[in-house]
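The residues making up each chain are set out below.
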Amino acid sequence: MKVLASLVCLLLVVVLSVVDSAPASDAETDVEKRSQNDCLVHGYRFRHGEVFSIPGYSHCLRYLCQYGGWDVHQGACEVDGQCHNVGSTFSNRDCVTYTCEMKNNMYQARSVQTLCKDADGHCRREWETFPYVINGRRYNRCQCIIGHRSDGIGYTSTRYSCGHK
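Everything in this summary refers to the structure shown in the same document. Just so it is clear, the model here is predicted, and its values are computed rather than measured.

### Topic: the overall build of the protein chain
Thinking step 1. When helices and strands are counted, the protein chain shows 2 helices and 15 strands.
Thinking step 2. By residue count, 24% of the 165 residues in the protein chain fall in the buried class.
Thinking step 3. Across the protein chain, every contact between residues at least 6 apart in sequence was considered, and the portion connecting residues at least 24 apart equals 20%.
Thinking step 4. Accessible surface, the protein chain: about 11,200 Å² in total, of which carbon and sulfur atoms supply 51%.

Right, dumping it as structure tokens:
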């Protein structure tokens, strides 16, 4: 009888220690599959003390599971699949420079400068003359104009104009 009780206790410990990141089934009970300290987040189960990202959301947000609750452990701004820390300034491949900020408990990449991209992939300033390709044809004397939003925050469009050879 003691052996059977020990096996049942061991089985319960093994079941409670198994935590996967697969969606949880509604039919599962806390006793069968879940420790009281695990976290159930958007249908995914995480172990107490585990730092995790929520599948389908930004991988730049990392959470900490503690005693059944979870909170942001580490966060950053995500632009083009890359994570950038708060306070950092960075540029993307489209010649836009951003600053990562925390506003209203949200990580936001705010554009601080937009440049124009020339035919060779270099970033150029507005009104500078440079080569650009339009409809497969390369022009050597082109300029760009960056359209600003009426509220002065960010940029909405970049227009290119090219003179003849």
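So, next bit.
### A look at the side chain of Asp38
Thinking step 1. Mapped onto the fold, Asp38 is located in the loop between helix 2 (30-33) and strand 1 (39-41).
Thinking step 2. For the buried Asp38, which has no salt bridge, the nearest side chain bearing the opposite charge is Arg47, at an N-O separation of 5.2 Å.
Thinking step 3. Within the structure, Asp38 has its side chain in polar contact with the backbone nitrogen of His48 (distance 3.5 Å).

### Quick notes on the state of the cysteines
Thinking step 1. This structure, assessed with the given rule, holds 6 disulfides.
Thinking step 2. Between the sulfur of Cys95 and that of Cys123 lies a disulfide, 2.1 Å long from S to S. Linking Cys95 and Cys123, the disulfide has an S-S dihedral of approximately -85° and is accordingly described as left-handed. One end of the pair, Cys95, is in the loop between strand 8 (89-91) and strand 9 (96-103); the other, Cys123, is in strand 12 (residues 123-124), and 28 residues separate them in sequence.
Thinking step 3. Overall, Cys95 belongs to the buried group, its relative accessible area being 2%.
Thinking step 4. Accessibility expressed as a relative area gives 41% for Cys123, which makes it partly exposed.
Thinking step 5. Between the sulfur atoms of Cys116 and its disulfide partner Cys144 the distance amounts to 1.4 Å.

### A short note on the pairing of strand 10 (residues 106-114)
The side chains of a regular strand alternate between the sheet's two faces.
Thinking step 1. Of the pairings in the sheet, the one linking strand 9 to strand 10 comprises 8 bridges and is antiparallel in character. Looking across to strand 10, one finds that Lys103 is bridged to Met106.
Thinking step 2. Between strand 9 and the antiparallel strand that follows it, strand 10, lie 2 residues; Asn104 among them carries a positive phi value of about 50°.

### Quick look at the sheet that holds strand 3 (residues 51-52)
Thinking step 1. Read from one edge to the other, the open sheet built from 3 strands follows the order 3-4-5, with strand pairing classed as antiparallel. Strand pairing shows two members of the sheet lacking a second neighbour, strand 3 and strand 5 (69-74), which therefore form its edges.
Thinking step 2. The pairing of strand 4 (residues 62-66) with strand 5 spans 5 bridges and is antiparallel. Bridged to Cys65 within strand 5 is Trp70.

### Things to note about the sheet that holds strand 8
Thinking step 1. In spatial order, the strands read 8-9-10; together these 3 strands make up an open sheet with antiparallel pairing. The open sheet has two edge strands with one neighbour each: strand 8 and strand 10. Taking each pair of neighbouring strands and ignoring which way they run, the sheet shows an average axis angle of 35°.
Thinking step 2. Relative to strand 9, strand 8 is paired through 3 bridges, and the arrangement is antiparallel. Looking at the pairing, Phe90 lines up with Tyr98 of strand 9.

Cut-off values and rules
Residues numbered from 1 in each chain as written. Predicted model: local features only at pLDDT ≥ 70, side-chain atom pairs only at ≥ 80, totals over all residues. Heavy atoms only, no water. Helix = DSSP H or I, 4+ residues; strand = E, 2+ residues; numbered from the N terminus. Buried < 20%, exposed > 50% of the residue type's maximum accessible area, 1.4 Å probe, protein only. Contact = heavy atoms within 4.5 Å. Areas by Shrake-Rupley, 256 points an atom, 1.4 Å probe, with all protein chains shown as cover. Lys, Arg positive; Asp, Glu negative; His and termini not counted. Salt bridge = Lys/Arg side-chain N within 4 Å of Asp/Glu carboxyl O. Polar contact = N/O pair within 3.5 Å; in protein donor to acceptor, adjacent residues only side chain to side chain. Disulfide = S-S within 2.5 Å. Pairing = 2+ DSSP bridges. Axes fitted to C-alpha atoms, helices over the stretch in contact; angles between N-to-C directions.

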